Amino acid sequence: MSEFGHTTAKIAVWNLAGFNPISDEKFENQVEGLSIIDAEIITLVEVKSINYIDRLIGGLMAKGCEYEKRILQQNGDLNIGVIFKKGVEAGQPKFIVGSDGGDNRRRKAFSLEMKVGKFDFLLIAVHLKSGRKKPEQVERDVQCKVIGDFITQYRVQNPRKPVLLMGDFNMIPGQDVSNFHHLGGDDVMDFLSSWDLQARFSHILKAGRANLLDGFAITRTYTTEYIRGSLRLFPMHWTMEMGREKFRKNVSDHLPFVASFKID
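Residues numbered from 1 in each chain as written. Predicted model: local features only at pLDDT ≥ 70, side-chain atom pairs only at ≥ 80, totals over all residues. Heavy atoms only, no water.

(A) View of the overall build of the protein chain. Counting its regular elements, the protein chain contains 7 helices and 15 strands. In terms of overall dimensions, the protein chain is globule-like: its C-alpha atoms have a radius of gyration of 17 Å, near the 18 Å expected for 264 residues. Split into buried and exposed, the 264 residues of the protein chain put 58% on the buried side. Of the contacts formed within the protein chain by residues at least 6 apart in sequence, a portion of 71% connects residues at least 24 apart. Carbon together with sulfur atoms contributes 49% to the accessible area of the protein chain, which is approximately 11900 Å² in total. Charge-centre separation for the protein chain: the mean point of 36 positive side chains lies 3 Å from the mean point of 33 negative side chains. (Helix = DSSP H or I, 4+ residues; strand = E, 2+ residues; numbered from the N terminus. Rg over C-alpha atoms; globule rule 2.2 N^0.38 Å. Buried < 20%, exposed > 50% of the residue type's maximum accessible area, 1.4 Å probe, protein only. Contact = heavy atoms within 4.5 Å. Areas by Shrake-Rupley, 256 points an atom, 1.4 Å probe, with all protein chains shown as cover. Lys, Arg positive; Asp, Glu negative; His and termini not counted. Charge placed at Lys NZ, Arg CZ, Asp CG, Glu CD.)

Here it is, written out as structure tokens:
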């Protein structure tokens, strides 16, 4: 048995839709949603402002869920952060240099050494350039190549240490082929979300349309801790008894991913 009282842990990622101001109602709903996920580690995208993560932690504490944080201030005010339960070990977060594509208006990828139970890994969280047109895809290519090269070099230096890559990719499987090619490094990453969640959606758009913009990937070799088939799109709208449109308006326009890992 692990110090957590079990032999598995959940790792999640969720875009909070912080581009526009988050109302008190949205905040309360997001705290409720995070408490329902109840994951040991949760990567949060679009944390605005940087102090919003403290507000979330306070809201979770009031529900009996104790979390710590790691976060860095981006050049803009849309940040990436990680919250984790007591007992999880976390190093100091670092930006991946150049992962903003040389444009300091963009978000840099965020890397963090973590350990839950005996599962020791590098977490990389991203929020890549949005947009469906060719210029945006080219911008993502630049970002993805920097991150992919970083992953490749990290694996050369740490060949048996797993890498978990997650966040808002702003990439659609089957469409943004070059983005995935560059982001995967030298054939290093296995994009679980592209294969395990085909025909599913994570990003809720207006007029009922949706797509799979968010992503979750792990290193292809020596990552035996992932429980195969456990990655799922968490139906938070259904859990909170909301239709998609109401959820989009009152909680977030993204649904979270949750995966399970062996930690013993």
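(B) Fine view of the pattern of salt bridges. Counted according to the given criterion, the structure contains 14 salt bridges. We note a salt bridge from Arg105 to Asp103, for which the minimum N-O separation is 2.6 Å. Looking at Arg105, the relative accessible area reads 60%, which means it is exposed. Owing to a relative accessible area of 17%, Asp103 belongs among the buried residues under this scheme. A salt bridge links Asp176 to Arg132; the nearest nitrogen and oxygen atoms lie 2.9 Å apart. (Salt bridge = Lys/Arg side-chain N within 4 Å of Asp/Glu carboxyl O.)

(C) Just the side chain of Gln30, in detail. With respect to the helices and strands, Gln30 occurs in helix H1 (residues 24-37). Engagement of the side chain of Gln30 in a polar contact is seen with the backbone oxygen of Leu16, the distance being 2.9 Å. If sequence neighbours within four positions are ignored, Gln30 has contacts with Trp14, Leu16, Ile22, Tyr52, Leu56 and Val251. (Polar contact = N/O pair within 3.5 Å; in protein donor to acceptor, adjacent residues only side chain to side chain.)

(D) Structural detail: the packing of aromatic side chains. The tally for this structure, following the rule as stated, stands at 8 aromatic pairs. Relative to Phe261, the ring of Phe119 has its centre 5.2 Å away and its plane inclined at 15°; by these criteria the two rings are stacked. Highlighted residues: Phe119 in strand S8 (residues 119-127) and Phe261 in strand S15 (residues 257-262), separated in sequence by 142 residues. Residue classification places Phe119 among the buried positions, given a relative accessible area of 0%. Taken together, the ring pairs connect Phe119, Phe121, Phe216, Tyr226 and Phe261 into an aromatic cluster. (Phe/Tyr/Trp six-rings, centres within 6.5 Å; stacked < 30°, edge-to-face > 60°.)

(E) Expanded view of unusual backbone geometry. Going from Lys48 to Ser49, the amide bond is cis rather than trans, its omega being -10°. With respect to the helices, strands and loops of the structure, Ser49 is situated in the loop between strand S2 (41-47) and helix H2 (52-62). We note that Glu46 has phi near 60°; this positive angle belongs to a residue other than glycine. Within the element layout of this structure, Glu46 appears in strand S2. Notably, Glu241 is not glycine yet its phi reads approximately 55°, a positive angle. Overall, the relative accessible area of 73% leaves Glu241 in the exposed class.

(F) Spotlight on the environment of Gly33. In this structure, Gly33 sits in helix H1. Its relative accessible area of 0% is what places Gly33 among the buried residues. Through-space distance from the C-alpha of Gly33 to that of Met236 is 6.8 Å; in sequence the pair is 203 residues apart. Setting aside residues up to four positions removed in sequence, Gly33 forms contacts with Met236 and Met240.

(G) Here's a closer look at the side chain of Ser35. Its location among the elements puts Ser35 in helix H1. When its relative accessible area of 17% is taken as the criterion, Ser35 is described as buried. Ser35 has contacts with Leu60, Lys63 and Cys65, leaving out every residue within four places of it along the chain.

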